[in-house]
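# Tertiary structure, described
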Amino acid sequence: VLEVSPRLGGRVLHLSVPGAANLLRVGDAVSVRPDPEVRADGENIPYMGHEMWVGPQSTWWTDQTLNPARRKAAAIWPPDPWLAHAPTQVLAQEAGRLVLQGVASPVSGVQMTQSFAIAPDRPDTAELAVEMRNVRRQPGSRDIWFNTRVHPSTRVYVPVATDGSGVRVRSDTGDGFDGLVSSTAEGLFSLELLPPSGELQGRRGKVFIQPRAGSIAGFNAGQAMLIHFQ
């Protein structure tokens, strides 16, 4: 079961087998702010789920004129509001297939068309594709990222070199957070789901990986989610 919100930039809000718990982590903002105002001075709204980003993050606000302060600061946050939660146009909707066209962003200078499909012969697989078009007269270059949020209780595995190379773990401690604890076994990298030390509220950090293969596997609530990419 795949649920997508055309109102929130084509964001995926649910993924599971029929009748099972949502594998994606979705924020309360989905119900509290279902029709957000798109503004150049707006902040990130934590809808979470699965969404598309452009890269590199260092240039998110450097090539626009709507928010001079963010351009001057080369701000790396928040994401482009026009891509994150502007309403999209439904180009096609039928059994097992949805195509959405986003707005032309004055911040990133691109327009995204996203397609979502579940093939009849592969009902356990959702295929997601994104096409990005430059809407400015001058040439430009952008990466296409996806950002998939899952519940903290999800055990995630990424295939890496057997010697553990190609992995860099950064712990962002302070402000009540503990560092990350990771492990590599049989060519699979994973974060250990250990409680934080003492009175700390959680663990926080970031992992940079050059994977051995294009896949990420997540296990939670009796389900397995496998993401394939090039």
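Before reading on, note that the structure itself is shown above.
Structure report, in brief. (Residues numbered from 1 in each chain as written. Predicted model: local features only at pLDDT ≥ 70, side-chain atom pairs only at ≥ 80, totals over all residues. Heavy atoms only, no water.)

### Considering the overall build of the chain
Helices and strands together make up the secondary structure of the chain, namely three helices and 17 strands. In terms of overall size, the chain behaves like a compact globule, its C-alpha atoms giving a radius of gyration of 19 Å where 230 residues would be expected to give roughly 17 Å. Going through the 230 residues of the chain one by one, you find that 34% of them count as buried. Across the chain, contacts joining residues at least 24 apart in sequence account for 56% of those joining residues at least 6 apart. Here the chain displays about 13200 Å² of accessible surface, and carbon together with sulfur accounts for 52% of that area. Treating the 22 positive side-chain charges of the chain as one cloud and the 22 negative ones as another, the clouds have centres 7 Å apart. (Helix = DSSP H or I, 4+ residues; strand = E, 2+ residues; numbered from the N terminus. Rg over C-alpha atoms; globule rule 2.2 N^0.38 Å. Buried < 20%, exposed > 50% of the residue type's maximum accessible area, 1.4 Å probe, protein only. Contact = heavy atoms within 4.5 Å. Areas by Shrake-Rupley, 256 points an atom, 1.4 Å probe, with all protein chains shown as cover. Lys, Arg positive; Asp, Glu negative; His and termini not counted. Charge placed at Lys NZ, Arg CZ, Asp CG, Glu CD.)

### Re the sheet that holds strand S5 (residues 97–101)
The strand order across the open sheet built from four strands is S4-S5-S6-S7, with neighbouring strands paired in antiparallel fashion. The open sheet has two edge strands with one neighbour each: strand S4 (89–94) and strand S7 (126–134). When the angles between neighbouring strand axes are averaged without regard to direction, this sheet yields 10 degrees. Judged from the five bridges that link them, S4 and S5 form a sheet pairing that is antiparallel. Looking across to S5, one finds that Gln 93 is bridged to Leu 98. (Pairing = 2+ DSSP bridges. Axes fitted to C-alpha atoms, helices over the stretch in contact; angles between N-to-C directions.)

### Let's talk about the packing of aromatic side chains
For the structure on display, the rule yields six aromatic pairs. A ring pair is formed by Trp 60 and Trp 77, whose centres lie 6.2 Å apart and whose planes are at 40 degrees; its orientation type is tilted. In this pair, Trp 60 sits in the loop between strand S3 (50–55) and helix H2 (68–73) while Trp 77 sits in the loop between H2 and helix H3 (81–84), placing the two residues 17 residues apart along the sequence. Taking the relative accessible area as the measure of exposure, Trp 60 reaches 4% and is therefore buried. (Phe/Tyr/Trp six-rings, centres within 6.5 Å; stacked < 30°, edge-to-face > 60°.)

### Details of the nonpolar core
Core analysis: the biggest nonpolar cluster contains twelve residues, these being Ala 40, Met 52, Trp 53, Val 54, Trp 60, Trp 61, Ala 75, Trp 82, Leu 83, Val 107, Val 110 and Met 112. Elements represented by at least two residues in this core include exactly S3, H3 and strand S6 (110–118). Here the element with the most residues in this core is S3; it accounts for three residues. Membership of the second largest hydrophobic core comes to six residues, among which are Val 12, Leu 24, Leu 98 and Leu 100. (Core = buried A, V, L, I, M, F, W, Y, C linked by side-chain atoms within 4.5 Å.)

### A short note on the pattern of salt bridges
The final tally for this structure, using the stated rule, is twelve salt bridges. Salt-bridge contacts for Arg 7 lead to Asp 35; the nearest nitrogen and oxygen are separated by 3.3 Å. Here the residue Arg 7 occupies a position in the loop between strand S1 (2–5) and strand S2 (11–15), and Asp 35 occupies one in the loop between helix H1 (29–32) and S3, the gap between them amounting to 28 residues. Arg 7 gets classed as partly exposed once you look at its relative accessible area, which sits at 44%. Classification of Asp 35 as exposed rests on a relative accessible area of 54%. Arg 149 is the salt-bridge partner of Glu 51, the closest N and O atoms lying 2.8 Å from each other. A residue pair is termed long-range when its members are at least 10 positions apart, and Glu 51 in strand S3 and Arg 149 in the loop between strand S8 (143–148) and strand S9 (155–159) qualify at 98 residues. (Salt bridge = Lys/Arg side-chain N within 4 Å of Asp/Glu carboxyl O.)

### Examining the sheet that holds S9
Ordered by their spatial adjacency, five strands build an open sheet running S12-S13-S9-S16-S17, and the pairing between neighbours is antiparallel. Looking at which strands have only one partner, the edges of the open sheet turn out to be strand S12 (182–185) and strand S17 (223–228). For this sheet the average axis-to-axis angle between neighbouring strands, irrespective of direction, equals 20 degrees. Judged from the three bridges that link them, S9 and strand S13 (residues 188–191) form a sheet pairing that is antiparallel. The residue of S13 that forms the bridge with Pro 159 is Leu 188.

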